[in-house]
Amino acid sequence: MSGALFAARRVGVLLHPTSLPSPFGSGDLGHAAYRFVEFLAGAGCSVWQVLPLGPTHDDLSPYDSTSVHAGNPRLISLDWLHDRGFLDDGELDAVRTGGQGRQWALDAAASRFAEACARDAALAVPFAAWCDANQWLEDYALFTAIRDARGALPWFRWEPALRARKPAALARAAAALAPRIAALRFEQYAFAQQWSALRHYAAGHGVRLFGDMPIFVAHDSADVWSARELFLLDAEGQPITVAGVPPDYFSADGQRWGNPHYAWDVMARDGFAWWRRRIAAQRERFDLVRIDHFRGFEACWHIPREAASAVHGHWEPAPGEALLAALVEESGAGTLVAENLGIITSAVEHLRKRFALPGMLILQFAFDGDARNTYLPHNHRPLNVVYTGTHDNDTSLGWFESLDEATRARLMEYLGAPAEPMPWPLVRAALASVARLAVVPLQDLLGLGSEHRMNLPGVAQGNWGWQFRAEQLTPALAGRLRALAELYGRLPASE
């Protein structure tokens, strides 16, 4: 799709794959993902937006991953493994009934795959070639195996020799953990094969995939452990300052994310090769990539490591122009979107416009009574992505129900006192916008309330678990959305 995506008006749906229905717990890249693609195509939608796909920590946040390159094993389809003979009926049933977990099944499939590779070069050769081509894999597999063997203990609490990556210590760990490392290689290969097949299927239905790249990486990650020199860490591997944002719409105390900051001067020495590899990997998966917290490319909020909240941080400049030049060159023109929410200065907007990156417009932020509000539809510009809300917002119905009477009246007056129940008037406003791409979270298309929101920023527990039911994607819903897409000129042309 490349830059052609913003050459036409389109509509997309925001849904993370974990929210797909599944008999095995978390949604995955199996049958439900393909049915969702078919729903999108039938509904006149040509974009599927997801959240980051990496392996998560215990809080399940896709924005706090143990690797910027790896795929989340929770997304691996067990049906896919079964269909290829790597799981038998009993093993599949054991997970389906709750007798065993996904990891147990993945381990069983890895063992069977290894046995098959020993017999069949047609399996072994492409697997070996894939492993060789993905240089991040060995660090990730070793990191994860060591971490798992220590009960998910963060790398900066490992014994000093492993923490410092002493070659002898790494060799001993690799030998001792060889079976687990082999299984981790298989998991990533399976994920890559499944994602590639899904992307091909989506493209065949006129649906393009829209990914999400967090600007920062987790402290407890293979990326930081394997390249400490690229981050601002002390001698013990602890961040000197941590990332976050000052008080804003989402939180009165700001958000203390805890990620280490980058050593920008070190990254610049090789032309930001680490970032080039990262965006190239994202483009292998996606047609379009959102850069989360884009404003951090202009300046980052540095919070003292010992501070409990983000209130007492300060801004420090980042090498936005040089970094973005490298990213756009690697990714291709028209393939990146800037998440420009929060405290956005003229310098940040200059940087975004300098590289012609679409920004984001959130309708839930529009109705504060100021007619100049950027998010109001009459102020929209074409090179943008308009949303009713995002994964960090309440559902649009929940948001509407929480409004005070004056704001609700102002909203209804602006929308022309619609007879349709919320959230459909807001969905209609998004699709009517001049912004080239309109994206609606599935919760809003289903008319769901606050109990179905995906994430509540600043709250550590209880997020990221929402799933819909297959029967909620009805032909009537697809028809209603397709009619709006046609009405507002967003039906995809043949590509």
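Residues numbered from 1 in each chain as written. Predicted model: local features only at pLDDT ≥ 70, side-chain atom pairs only at ≥ 80, totals over all residues. Heavy atoms only, no water.

Trainee: Could you give an account of the overall build of the chain, with specific residues and numbers?
Mentor: The helix and strand tally for the chain stands at 19 helices and 12 strands. Computed over the C-alpha atoms, the radius of gyration of the chain is 23 Å, within 12% of the 23 Å expected from 2.2 N^0.38 for a compact globule of 495 residues. Across the 495 residues in the chain, those meeting the buried criterion constitute 56%. Counting contacts in the chain only where the partners sit at least 6 residues apart, residues at least 24 apart contribute 72% of the total. With an accessible surface of roughly 19900 Å², the chain has 54% of that area assigned to carbon and sulfur atoms. Looking at the chain, you have 45 positive and 55 negative side-chain charges, and the mean spots of the two groups are 3 Å apart. (Helix = DSSP H or I, 4+ residues; strand = E, 2+ residues; numbered from the N terminus. Rg over C-alpha atoms; globule rule 2.2 N^0.38 Å. Buried < 20%, exposed > 50% of the residue type's maximum accessible area, 1.4 Å probe, protein only. Contact = heavy atoms within 4.5 Å. Areas by Shrake-Rupley, 256 points an atom, 1.4 Å probe, with all protein chains shown as cover. Lys, Arg positive; Asp, Glu negative; His and termini not counted. Charge placed at Lys NZ, Arg CZ, Asp CG, Glu CD.)

Trainee: Describe the packing of aromatic side chains, listing the residues and the values that go with them.
Mentor: Counted according to the given criterion, the structure contains 36 aromatic pairs. With centroids separated by 6.2 Å and ring planes inclined at 55°, the aromatic side chains of Phe-216 and Trp-257 adopt a geometry described as tilted. Taken together, the positions of Phe-216 in the loop between strand S3 (208–213) and helix H10 (222–226) and Trp-257 in strand S5 (residues 255–260) put the pair 41 residues apart, joining distant regions of the chain. Judged by its relative accessible area of 5%, Phe-216 falls in the buried class. You can call Trp-257 partly exposed: its relative accessible area is 34%. With centroids separated by 5.3 Å and ring planes inclined at 65°, the aromatic side chains of Tyr-262 and Trp-275 adopt a geometry described as edge-to-face. On the criterion of sequence distance, the pair formed by Tyr-262 in the loop between S5 and helix H11 (264–268) and Trp-275 in helix H12 (residues 273–285) is long-range, its members being 13 residues apart. A relative accessible area of 2% places Tyr-262 in the buried class. Among the aromatic residues, those joined into a ring-pair cluster are Phe-216, Phe-231, Trp-257, Tyr-262, Trp-264, Trp-274, Trp-275, Phe-294 and Phe-297. One residue, Arg-354, lies across the ring of Phe-355, its end atom 4.6 Å from the ring centre. The positively charged end of Arg-408 is found above the aromatic ring belonging to Phe-400, 4.8 Å away from the centroid. (Phe/Tyr/Trp six-rings, centres within 6.5 Å; stacked < 30°, edge-to-face > 60°. Lys NZ or Arg CZ within 6 Å of the ring centre and 35° of its normal.)

Trainee: Explain the layout of surface pockets to me, and be specific about the residues and the numbers.
Mentor: In this structure, the second largest pocket spans a volume of roughly 770 Å³. Lining the second largest pocket are 31 residues, with His-69, Asn-134, Gln-135, Trp-136 and Ala-281 positioned closest to its centre. Listing elements by their share of the lining of the second largest pocket, those giving two or more residues are helix H5 (121–133), helix H6 (136–149), helix H9 (178–204), H10, H11 and H12. In the lining of the second largest pocket, the residues fall into 15 nonpolar, eight polar and eight charged. (1 Å grid on protein atoms, 1.4 Å probe; cavity = no way out; pocket = protein on both sides within 12 Å on 5 of 7 lines; lining within 4 Å. Points joined across faces, edges and corners; volume = space filled by probe spheres on them. Nonpolar A, V, L, I, M, F, W, Y, C, P; charged D, E, K, R; others polar.)

Trainee: Account for the sheet that holds strand S8 (residues 314–317), with residues named and values stated.
Mentor: A sheet is described by the order of its strands in space; here four strands give the open sequence S5-S4-S7-S8, paired in antiparallel fashion. For this open sheet the edge positions go to S5 and S8, each flanked by a neighbour on one side alone. Here the strands of the sheet are splayed against their neighbours by 50° on average, with no regard to which way each runs. (Pairing = 2+ DSSP bridges. Axes fitted to C-alpha atoms, helices over the stretch in contact; angles between N-to-C directions.)

Trainee: Go over empty space enclosed by the protein, please, and point to the residues and values.
Mentor: A water-sized probe rolled over the atoms picks out the places where empty space is left. Evaluation of the coordinates by the stated rule reveals four cavities of 30 Å³ or more. Empty space within the largest cavity amounts to approximately 170 Å³. Along its surface, the largest cavity is lined by 20 residues, and Pro-52, Ser-65, Ser-67, Val-68 and Pro-214 are the ones closest to its centre. When residues of the lining of the largest cavity are traced back to their parent elements, those giving at least two are S3 and H12. Here the lining of the largest cavity takes three residues from H12, the largest share from any one element. Partitioned by chemical class, the residues of the lining of the largest cavity number 12 nonpolar, four polar and four charged. The calculated volume of the second largest cavity comes to roughly 140 Å³. If you go around the second largest cavity, you meet 16 residues; those closest to its centre are Leu-14, His-391, Pro-441, Gln-443 and Met-454. A class-by-class count of the residues in the lining of the second largest cavity yields six nonpolar, seven polar and three charged.

Trainee: Just give me the short version of the pairing of strand S6 (residues 288–291), but keep the residues and values in it.
Mentor: A two-sided burial pattern is seen for S6, the buried positions comprising Leu-288 and Arg-290 on one face and Val-289 and Ile-291 on the other. Where S6 lies against strand S9 (residues 336–338), three bridges are found, and the strand directions are parallel. For Val-289, the partnering residue across the bridge sits in S9 and is Leu-336.

Trainee: Quick rundown of the pattern of salt bridges? Include the residues and the values.
Mentor: Evaluated as defined, the whole model comprises 25 salt bridges. For Arg-147, the salt bridge is made with Asp-220, and the minimal N-O distance between the two is 2.7 Å. Taken together, the residues Arg-147 in helix H6 and Asp-220 in the loop between S3 and H10 connect sequence positions 73 residues apart. Taken individually, Arg-147 and Asp-220 each receive the classification buried, so the pair is uniform in this respect. A salt bridge links Arg-180 to Asp-148, with the nearest nitrogen and oxygen atoms 2.8 Å apart. Here Arg-180, found in helix H9, pairs with Asp-148, found in helix H6; they are 32 residues apart in sequence, far enough to count as distant. Where salt bridges share partners, they join Asp-107, Asp-148, Arg-180 and Glu-187 into one cluster. (Salt bridge = Lys/Arg side-chain N within 4 Å of Asp/Glu carboxyl O.)

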